[in-house]
Amino acid sequence: MKDMPYADQKGRMYPYGEFFPPELSPFAYNETIAQEYFPLDRNGTLGRGFKWKEPEEKNYQVTMKTNDVPDSISDVKDSITSEIIECAHRGECNEQCTRVFRIIPQELSFYQRMELPLPHFCFSCRHAQRLDQRKPLKLWHRKCQCAGEKSENGVYTNLSQHTHTAVHCSNEFETSYAPERKEIVYCEGCYNAEVV
Ligand SMILES: [Zn+2]
Ligand SMILES: [Zn+2]
Ligand SMILES: [Zn+2]
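Residues numbered from 1 in each chain as written. Chains lettered and ligands numbered in written order. Predicted model: local features only at pLDDT ≥ 70, side-chain atom pairs only at ≥ 80, totals over all residues.

Draft legend 1. Quick look at the overall build of the protein chain. In terms of regular secondary structure, the protein chain is built from five helices and six strands. Computed over the C-alpha atoms, the radius of gyration of the protein chain is 25 Å, more than 25% above the 16 Å expected from 2.2 N^0.38 for a compact globule of 196 residues. C-alpha atoms of the protein chain, sized along the principal axes, occupy 65 × 65 × 25 Å. With 196 residues in all, the protein chain has 13% of them scored as buried. Considering only contacts within the protein chain whose residues lie at least 6 apart along the sequence, 49% involve residues at least 24 apart. (Helix = DSSP H or I, 4+ residues; strand = E, 2+ residues; numbered from the N terminus. Rg over C-alpha atoms; globule rule 2.2 N^0.38 Å. Buried ≥ 20, exposed ≤ 12 C-beta atoms within 10 Å, placed from the backbone. Contact = placed C-beta atoms within 7 Å.)

Quick look at the structure:
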């Protein structure tokens, strides 16, 4: 395998130790977990020589529009389990939207017991929304936001005296919190001084 590595259509080599070439995969790129960690659009996927799954034509008849789903679980009738509910995205997102979804009886009784409202999105869109809450697999080089007695933006007041005293901390580091995020990011020393 080292002498005669497999070459794919794009000329990429796969010698001993490499993972299988994507072109041998029975799944398209946007059907795999890869799309969740390294999202690509249709052109980006095909341009790299990977397969892309087009949405399937489905002819479900929507029996309940998203807006007709009651806001409060106490207004939901048991007959909701026979409704075909429209996803609020209507297939217009890039998240493998199934366009419609149903509520199964066990699910309904869970929502009733926990007094939770019914979802307005299909399970694919709900999955994508949960994943969006995670930080990306990416690091940014940033400065500690401890300004001495308070955080740089003045929102947080330190509970203890830090080793850098009342001047701005000069530490820099890599963090998965993007600079535009609203969370206050401290270096390890400042963080530990406050939390531990
Ligand atoms: Zn959806
Ligand atoms: Zn610091
Ligand atoms: Zn500090």
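Draft legend 2. Quick look at the domain arrangement of the protein chain. Domain assignment breaks the protein chain into domain 1 (6-47), domain 2 (66-132) and domain 3 (135-196). The gap between the C-alpha centroids of domain 1 and domain 3 is 39 Å. (Domains from an automatic or database assignment.)

Draft legend 3. Main features of helix α3 (residues 105-114). For α3, a buried count of zero out of ten residues is recorded, marking the element as mostly open to its surroundings. The positive-phi residue at the C-terminal boundary of α3 is E115, with phi of around 55 degrees.

Draft legend 4. Here's a closer look at unusual backbone geometry. The residue E115 is not glycine, and still its phi comes out positive at about 55 degrees. Along the chain, the position of E115 falls in the loop between α3 and α4 (123-132). Among the residues examined, E115 registers 9 C-beta atoms within 10 Å and is labelled exposed.

Draft legend 5. Examining the nonpolar core more closely. Grouped together as the largest cluster of nonpolar side chains are nine residues: I85, C87, C97, V100, F101, F121, C122, C125 and A128. Apart from residues no more than four positions distant in its own chain, I85 is found in contact with M64, V69, V100, F101 and R102. (Core = buried A, V, L, I, M, F, W, Y, C linked by C-beta atoms within 7 Å.)

Draft legend 6. Quick peek at the environment of L159. Note on placement: L159 falls in the loop between β5 (140-143) and β6 (172-175). Residue classification places L159 among the exposed positions, given that 8 C-beta atoms sit within 10 Å. With 34 residues separating them along the chain, L159 and A193 place their C-alpha atoms 8.3 Å apart.

Draft legend 7. The arrangement of the environment of Q161 in detail. Position of Q161 relative to the elements: it lies in the loop between β5 and β6. Note on Q161: 11 C-beta atoms within 10 Å, which makes it exposed. Put simply, Q161 and P26 are 135 residues apart on the chain and 58 Å apart in space, counted from C-alpha to C-alpha.

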